[in-house]
Amino acid sequence: MMIENRQLLVLTHLSQLLDLVTGVGGFIVPLVIWLTKKDDVIDMDLHGKAILNFRISMFIYILICIPAIFLFGLGIIGIIISGIFYLVFPIINALRASNNQPPNYPLSIQFLK
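The sections below set out a description of the structure shown in this document. (Residues numbered from 1 in each chain as written. Predicted model: local features only at pLDDT ≥ 70, side-chain atom pairs only at ≥ 80, totals over all residues. Heavy atoms only, no water.)

Considering the packing of helix α1 (residues 6-14) against helix α3 (residues 44-68)
Okay, so step 1: The geometry of α1 relative to α3 is characterised by a closest axis approach of 10 Å and an angle of 5° between their N-to-C directions. One way to sum up the angle between α1 and α3 is to call them roughly parallel. Packed against α1, whose contacting residues are R6, L8, L9, T12 and H13, the element α3 presents M44, H47 and I51 at the interface.
Okay, so step 2: Split into classes, the residues belonging to the contact of α1 with α3 amount to four nonpolar, three polar and one charged. (Axes fitted to C-alpha atoms, helices over the stretch in contact; angles between N-to-C directions. Helix = DSSP H or I, 4+ residues; strand = E, 2+ residues; numbered from the N terminus. Parallel < 35°, antiparallel > 145°, perpendicular 65-115°, else oblique. Contact = heavy atoms within 4.5 Å. Nonpolar A, V, L, I, M, F, W, Y, C, P; charged D, E, K, R; others polar.)

Okay, here's the thing in structure tokens:
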């Protein structure tokens, strides 16, 4: 039986900010919540996949930016933009989840569908 739990969806989005404290919790915690609750909470599968697609995409973009630092410093701009995305979009999507709206993470590659 599926239940509606908007608070857990909001918490899942905001748990990405654990990276600011732990360094890796921002990927592991949403992954664990998604894996354990995707069949129990309405829209958890949709939100969890959006979060993981965003996290994996941002990781790839940062990996691309590291060698680009040596190319006129362009990688630094990419890392700064990625950092802003890491901070802003989990908060925006937590608000979207609390308002019963679908998640929207721009520039996300759809690894999980």
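Side note on the pattern of salt bridges
Side chains that differ in sign of charge can pair as their charged atoms come close.
Okay, so step 1: For the structure shown, the criterion picks out four salt bridges.
Okay, so step 2: When the shortest N-O distance is used, the salt bridge between D43 and R6 registers 3.2 Å. Linking D43 in the loop between α2 (25-37) and α3 with R6 in helix α1, this pair joins segments that are 37 residues apart in sequence.
Okay, so step 3: Residue class for D43 comes out partly exposed when judged on its relative accessible area of 30%. (Salt bridge = Lys/Arg side-chain N within 4 Å of Asp/Glu carboxyl O. Buried < 20%, exposed > 50% of the residue type's maximum accessible area, 1.4 Å probe, protein only.)

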